[in-house]
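Structural features, examined
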Amino acid sequence: MPHFEEFYANKLRGGLGVVDADSVLDLRSASREQAAASIQDMLERSRFSAAKSVAIRLAPPAEGGGETLFQPIGKALLEAKKRGWIARLQTLPAQDGLGFYVVLAGKPEREG
């Protein structure tokens, strides 16, 4: 079996991260309300533009544990995936920190 360069091996493993994304949405300093509004805005805009990939960065838990935006943002993204607005949804690889790698489905092509 041939050996892959690390870059291609990571793609096969699904390790797409910040460097692979078309853009980055950094929510590490956002409040829960700001983050929810940013995600909603991104999803609404994506319905009228071309498909693209976005890395969404979230703050890690505070020292000693605590609540993060991972669960509420994850739920919103999963709901958008069910609606067909997101083509691919996965967590960021460990070296990129807490967050998601999302491929927005974009505007559907019209047949005709």
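For the structure itself, consult the block above.
Residues numbered from 1 in each chain as written. Predicted model: local features only at pLDDT ≥ 70, side-chain atom pairs only at ≥ 80, totals over all residues. Heavy atoms only, no water.

Examining the overall build of the protein chain
Summing up its helical and strand segments, the protein chain has 3 helices and 4 strands in all. Every one of the 112 residues in the protein chain was classed for burial, and the buried ones make up 30%. Sequence separation of at least 24 residues holds for 66% of the intrachain contacts in the protein chain that already meet a minimum separation of 6. Within the structure as shown, the protein chain displays about 7,600 Å² of accessible surface, and the carbon and sulfur contribution to it stands at 52%. (Helix = DSSP H or I, 4+ residues; strand = E, 2+ residues; numbered from the N terminus. Buried < 20%, exposed > 50% of the residue type's maximum accessible area, 1.4 Å probe, protein only. Contact = heavy atoms within 4.5 Å. Areas by Shrake-Rupley, 256 points an atom, 1.4 Å probe, with all protein chains shown as cover.)

Some remarks on the packing of helix α2 (residues 32-46) against helix α3 (residues 70-82)
Between two packed helices, what matters for the description is the angle formed by their axes and the separation of those axes. Where α2 meets α3, the closest approach of the two axes is 10 Å, and the angle between their N-to-C directions is 20°. One element, α2, and the other, α3, form an angle in the roughly parallel class. The interaxial crossing formed by α2 with α3 has right-handed handedness. Counting all contacts with α2, which are made through R32, A35, A36, I39, M42 and L43, the residues of α3 involved are P72, I73, A76, L77 and A80. Its residues assigned to classes, the contact of α2 with α3 comprises 10 nonpolar, no polar and 1 charged. (Axes fitted to C-alpha atoms, helices over the stretch in contact; angles between N-to-C directions. Parallel < 35°, antiparallel > 145°, perpendicular 65-115°, else oblique. Left-handed = near helix turned anticlockwise from the far one by under 90°. Nonpolar A, V, L, I, M, F, W, Y, C, P; charged D, E, K, R; others polar.)

Regarding the nonpolar core
I39, M42, L43, I56, I73 and L77 are the most contacted members of the largest nonpolar core, which has 17 residues in total. Mapped by element, the contributors of at least two residues to this core are α2, β2 (52-57), α3 and β4 (99-104). In this structure, M42 is in contact with L25, V54, I56, L77 and L104, ignoring residues within four places of it in sequence. Listed in part, the 6 residues of the second largest apolar core include V18, A55, L92 and Y101. (Core = buried A, V, L, I, M, F, W, Y, C linked by side-chain atoms within 4.5 Å.)

Brief notes about the layout of surface pockets
Of the voids in this model, the largest pocket is the one considered here, and its volume is about 150 Å³. In terms of lining, the largest pocket is formed by S23, V24, L25, S38, D41, M42, R45, S46, S49, K52, V54 and L104. Sorting the residues of the lining of the largest pocket by element identifies β1 (23-26), α2 and β2 as the ones contributing at least two each. Residues belonging to the lining of the largest pocket are distributed by class as follows: 5 nonpolar, 4 polar and 3 charged. (1 Å grid on protein atoms, 1.4 Å probe; cavity = no way out; pocket = protein on both sides within 12 Å on 5 of 7 lines; lining within 4 Å. Points joined across faces, edges and corners; volume = space filled by probe spheres on them.)

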